[in-house]
Amino acid sequence: MRVKDLPTTERPRERLLSRGPSALADRELLAILLGSGFHGTSAVDLAAQVISHCGDLTSLSRSEAHRLLAVPGIGPAKAARVAAAFDLVRRAAAEPSRTRITSSSDLASVAAPLLRGHSRERLAVIVCDARGAVLRRTILTEGGTDHTLVPIREVITSVLTSGGASFGIAHNHPSGSLTPSPADLAATDHLCLAAETVGLRFLDHLIVTDTAWRRIPTSSPSPPATSGATALEP
């Protein structure tokens, strides 16, 4: 039976979208990559033949594209898609683990390269997942030599649209001063409240200079991760 003749709820692609890839068998996941079968053979049946031809899924993952061309119904396009998919998995596995933010010092290390050496104040937003792994780091605003805005709504929107669960911010003081302004203190408190409102975890707000950094305290009763000024590592 052709895949398109199956009830919608039983088709591999629709089941993956509704229930996730773990709900599908190996041949069904491969069928989605193949896209179609041939001459009365469904994509799922063709996928089963490809796996059988290679011996098992592990052997398939190591097979070069030209080996798959020996399976009837597998042309260059299908063979290339399968080979490309497995190579992407290998490349992802070979990449180093994402940087994790577990302290104010970690946040400073990630944010400082975006801020040091600039003559204007910049606001960096570091977005993390629930485990603290960095998902995104970006400059959200850039102002004058002695101030920049901390747009609360834009910060929260940036985190949510990036799929983050937690975030920290940092801004530079080109003057070299590590003393937070009243606006810095107010922005930190406002961000704490805004993050709590939408279910995000606010990590920290730091001031960064070319040689050091300092955590901006909040009025929250929770103890600070780091207090005082700390030198930046080169």
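Refer to the preceding data block for the structure.
Let me begin by describing the structure that accompanies this report. (Residues numbered from 1 in each chain as written. Predicted model: local features only at pLDDT ≥ 70, side-chain atom pairs only at ≥ 80, totals over all residues. Heavy atoms only, no water.)

We now examine the pairing of strand β4 (residues 201-208). Among the eight residues in β4, seven count as buried, and that is most of the element. For the handedness criterion, the β-α-β arrangement of strand β3 (residues 166-172), helix α9 (residues 182-198) and β4 is classed as right-handed. One ladder, built from three bridges, connects β4 with strand β5 (residues 212-215); its direction is antiparallel. Pairing of Leu206 across the sheet is with Arg215, part of β5. Where β4 folds back on β5, the antiparallel hairpin that results is connected by three residues. (Buried < 20%, exposed > 50% of the residue type's maximum accessible area, 1.4 Å probe, protein only. Helix = DSSP H or I, 4+ residues; strand = E, 2+ residues; numbered from the N terminus. Right-handed = clockwise from strand over helix to strand, strands pointing away. Pairing = 2+ DSSP bridges.)

The residue His39 is not glycine, and still its phi comes out positive at about 40°. Under the relative-accessibility criterion, His39 is labelled exposed at 78%.

Attention now goes to the pattern of salt bridges. One pass over the full model with this rule turns up six salt bridges. Two residues, Arg91 and Asp87, come together in a salt bridge whose shortest N-O distance is 2.8 Å. Of this pair, Arg91 and Asp87 are both found in helix α6 (residues 76-94), four residues apart, which corresponds to roughly one turn of the helix. Overall, the relative accessible area of 56% leaves Arg91 in the exposed class. A salt bridge links Glu142 to Arg122; its shortest N-O distance comes to 3.7 Å. On the criterion of sequence distance, the pair formed by Glu142 in strand β2 (residues 134-142) and Arg122 in strand β1 (residues 122-128) is long-range, its members being 20 residues apart. (Salt bridge = Lys/Arg side-chain N within 4 Å of Asp/Glu carboxyl O.)

Alignment of β1 against β2, held across seven bridges, turns out to be antiparallel. Looking at the pairing, Ala124 lines up with Ile139 of β2. Hairpin connection from β1 to β2: five residues lie between these consecutive antiparallel strands, with Gly132 at a positive phi of about 90°.

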